Amino acid sequence: MFDFQLSVPTQIHFGRDCERMAGTLMRPLAQKVLMIYGSDRIFRTGLGGILQESLEDAGCIVTCLGGVKPNAETDWIEEARQLVLRENIEGILAVGGGSVIDSAKALAASAHFSGSVMELYENPEIQPEHCLPVGAVVTIPATASESNPMSVISDSVTHRKIAKPMPASQPRFALLNPALTLSVPAYQTASGGFDIFAHAFERYFDLRRESSLLDAMTEAVMRQVADLLPKILAGIRDGATEQNLQLRGDLMLAATVAHNDMLGPGGDFACHEISHVITEKFGVAHGAALAMIIPAWCRLMWKEAPARFERFFRVIWDADGETAEAVILDGIAKMERFIDGLGLARCIDTSASSEEEREQLLAGIAAEAAGPAGRIGGGLAVLHPDQIAEICKIFL
């Protein structure tokens, strides 16, 4: 038995045309609203106009700001802070995926903070005294940032990623219309989908959780994602069919469920820590990096808990074999074939000119992933730099 607290305070509205509720939900929170997004494509598709009209009809004064950068870069956030202060913005509506929602959280938390965005994120002890309310309209399901307190930003100078939970920044509401995700391209769908899988996976391998019910719920999410992704990718050319809408809807809901308290607390998240460094150094999408890291992590770590890994590979990948090791190796091979089928790479060509240069690269990645504490993980096992380097050696 283990002790925990459970809270999912975000209002989640799921279904057709739910984005039209944006004004009704935002107006009680703020009158002067900043709507942020990545590109003007949201206006070309009509979504931007629908949201702006909804907000204005509810009595909001709307300022629009595009250009949010991938990975929530600090230079954009700092510039947006000046606009927030100049226009006396009272609330933020984020329209997009994880980078946009994370940028909204960072902006909301830092708007009235005396220091820089980086200062806020670098000190784990600091929480914002005043945080603007955030709402989210999701167009790319993956991170579940729309319903959790975590955000990840990137230092625009060093490109270092920093993750920090700030409960006050968690979106007050999230609008999930699967139709808004139908145009997400294949690679982005595959990468985002594997990120969803990884969120459940890293909870599943936190053996401190000790709950058969949470295990079963987490297995259900992983099985669903593994079943949904190939079908969604196969149907992309068919467009807005009812079947594709249903499939996209299930994936969108899986994204939200996988990375908040709906599956319970905890998580090993060593693979995520490594992924942040791989994304930073090689420009690989976050989910695509996880697709390289997780099979490598399994190859190195399965002996820490053979029974757990055997169950995982039997239940999720239908692995078979006469021994636990045989099942696990068969399961890893099946998971790798699944990743291949998604069109995601399983290795990176580092272009290292010598073995010495490669070892230096691996050591640098391992040290950065381990961070100031010199270790990551802990749900299954603690990883130190030497072990991180061994994992990375498999795909680099």
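Predicted model, so just to flag it, every value in this text is computed and none were measured.

Parameters and conventions
- Residues numbered from 1 in each chain as written.
- Predicted model: local features only at pLDDT ≥ 70, side-chain atom pairs only at ≥ 80, totals over all residues.
- Heavy atoms only, no water.
- Helix = DSSP H or I, 4+ residues; strand = E, 2+ residues; numbered from the N terminus.
- Buried < 20%, exposed > 50% of the residue type's maximum accessible area, 1.4 Å probe, protein only.
- Contact = heavy atoms within 4.5 Å.
- Expected span 1.5 Å × (residues − 1).
- Arc of directions from axis to C-beta.
- 1 Å grid on protein atoms, 1.4 Å probe; cavity = no way out; pocket = protein on both sides within 12 Å on 5 of 7 lines; lining within 4 Å.
- Points joined across faces, edges and corners; volume = space filled by probe spheres on them.
- Nonpolar A, V, L, I, M, F, W, Y, C, P; charged D, E, K, R; others polar.
- Polar contact = N/O pair within 3.5 Å; in protein donor to acceptor, adjacent residues only side chain to side chain.
- Phe/Tyr/Trp six-rings, centres within 6.5 Å; stacked < 30°, edge-to-face > 60°.
- Lys NZ or Arg CZ within 6 Å of the ring centre and 35° of its normal.
- Core = buried A, V, L, I, M, F, W, Y, C linked by side-chain atoms within 4.5 Å.

Q: Looking at this structure, I do not really get the environment of Gly 97. What am I missing?
A: With respect to the helices, strands and loops of the structure, Gly 97 is situated in the loop between β4 (91–96) and α5 (98–110). Accessibility expressed as a relative area gives 9% for Gly 97, which makes it buried. For Gly 97 and Tyr 37, which are 60 residues apart along the polypeptide, the C-alpha to C-alpha distance reads 8.9 Å. The contact partners of Gly 97, leaving out residues within four places of it in the chain, are Thr 139 and Ile 140.

Q: Looking at this structure, how should I read helix α4 (residues 74–86)?
A: Given 3.6 residues per helical turn, the α-helix brings residues three or four places apart onto the same face. Helix length check: α4 (13 residues) gives 19 Å between terminal C-alpha atoms against 18 Å at 1.5 Å per residue, within 8%. Along α4, the residues classified as buried are Thr 74, Trp 76, Ile 77, Ala 80, Arg 81, Leu 83 and Val 84. Viewed end-on, α4 has its buried residues packed into an arc of 165°, placing them on one side of the element. In α4, the exposed positions angled more than 90 degrees off the buried face are occupied by Glu 79 and Arg 86. The inward-facing, buried residues of α4 contact β2 (32–37), β3 (61–65), α5, α6 (117–122) and β6 (150–154).

Q: What am I meant to see in empty space enclosed by the protein here?
A: Over the atoms, a rolled probe matching the size of one water molecule traces out where space is still vacant. This structure, assessed with the given rule, holds two cavities of 30 Å³ or more. Of the volumes computed, that of the largest cavity is approximately 50 Å³. Leu 182, Ile 232, Gly 235, Ile 236, Gly 239, Asn 244 and Arg 248 are the residues that line the largest cavity. For the lining of the largest cavity, the per-class residue count stands at three nonpolar, three polar and one charged. In this structure, the second largest cavity occupies an estimated 50 Å³ of space. Lining the second largest cavity, in full, are Ile 140, Pro 141, Val 184, Gln 188, Thr 189, Gly 192, Gly 193, Arg 248 and Leu 251. For the lining of the second largest cavity, the element with the highest residue contribution is helix α7 (residues 186–204), accounting for four residues. For the lining of the second largest cavity, the class distribution of residues is four nonpolar, four polar and one charged.

Q: Looking at this structure, I do not really get the side chain of His 276. What am I missing?
A: Along the chain, His 276 falls in helix α10 (residues 270–282). Judged by relative accessible area, His 276 falls into the buried class, the value being 11%. If we ignore the near neighbours within four places in the chain, the residues touching His 276 are Val 152, Lys 161, Ala 163 and His 286.

Q: Quick question: what am I supposed to make of the environment of Ser 354 here?
A: For Ser 354, the position within the fold is in the loop between α13 (324–342) and α14 (355–370). Classification of Ser 354 as partly exposed rests on a relative accessible area of 34%. Along the primary structure Ser 354 and Gly 377 are separated by 23 residues, whereas in three dimensions their C-alpha atoms are 30 Å apart. A polar contact of 3.1 Å, which involves the side chain of Ser 354, links it to the backbone nitrogen of Glu 357.

Q: How do you make sense of the packing of aromatic side chains when you look at a structure like this?
A: For any pair of aromatic rings, the description rests on two quantities: the centre-to-centre distance and the angle between the ring planes. Within the structure shown, the criterion is met by 16 aromatic pairs. Note on Trp 297 and Phe 309: the rings are 5.7 Å apart at their centroids and 40° apart in plane angle, and the pair reads as tilted. Of the two residues, Trp 297 sits in helix α11 (residues 286–301) while Phe 309 sits in helix α12 (residues 306–317), which places them 12 residues apart along the sequence. The two residues Trp 297 and Phe 309 agree in class, both being buried. Here the aromatic residues Phe 194, Phe 197, Phe 201, Tyr 204, Phe 205, Trp 297, Phe 309, Phe 312, Phe 313, Trp 317 and Phe 338 are joined through ring pairs into a cluster of three or more. Over the ring of Tyr 204 we find Arg 308; its NZ or CZ atom is 3.9 Å from the centre of that ring.

Q: Just to check I follow, could you spell out the nonpolar core for this structure?
A: Nonpolar side chains in soluble globular proteins tend to be buried together. Formed by 73 residues in total, the largest nonpolar core has its most connected members in Phe 194, Trp 297, Phe 309, Phe 312 and Phe 313. In terms of residue count, the dominant contributor to this core is α11 (11 residues). For Phe 313, the contacting residues outside a window of four places in its chain are Cys 298, Asp 318, Ala 319, Val 327, Ile 328, Gly 331, Ile 332 and Met 335. Of all hydrophobic cores here, the second largest spans 35 residues; its members include Leu 34, Ala 109, Cys 131 and Leu 176.

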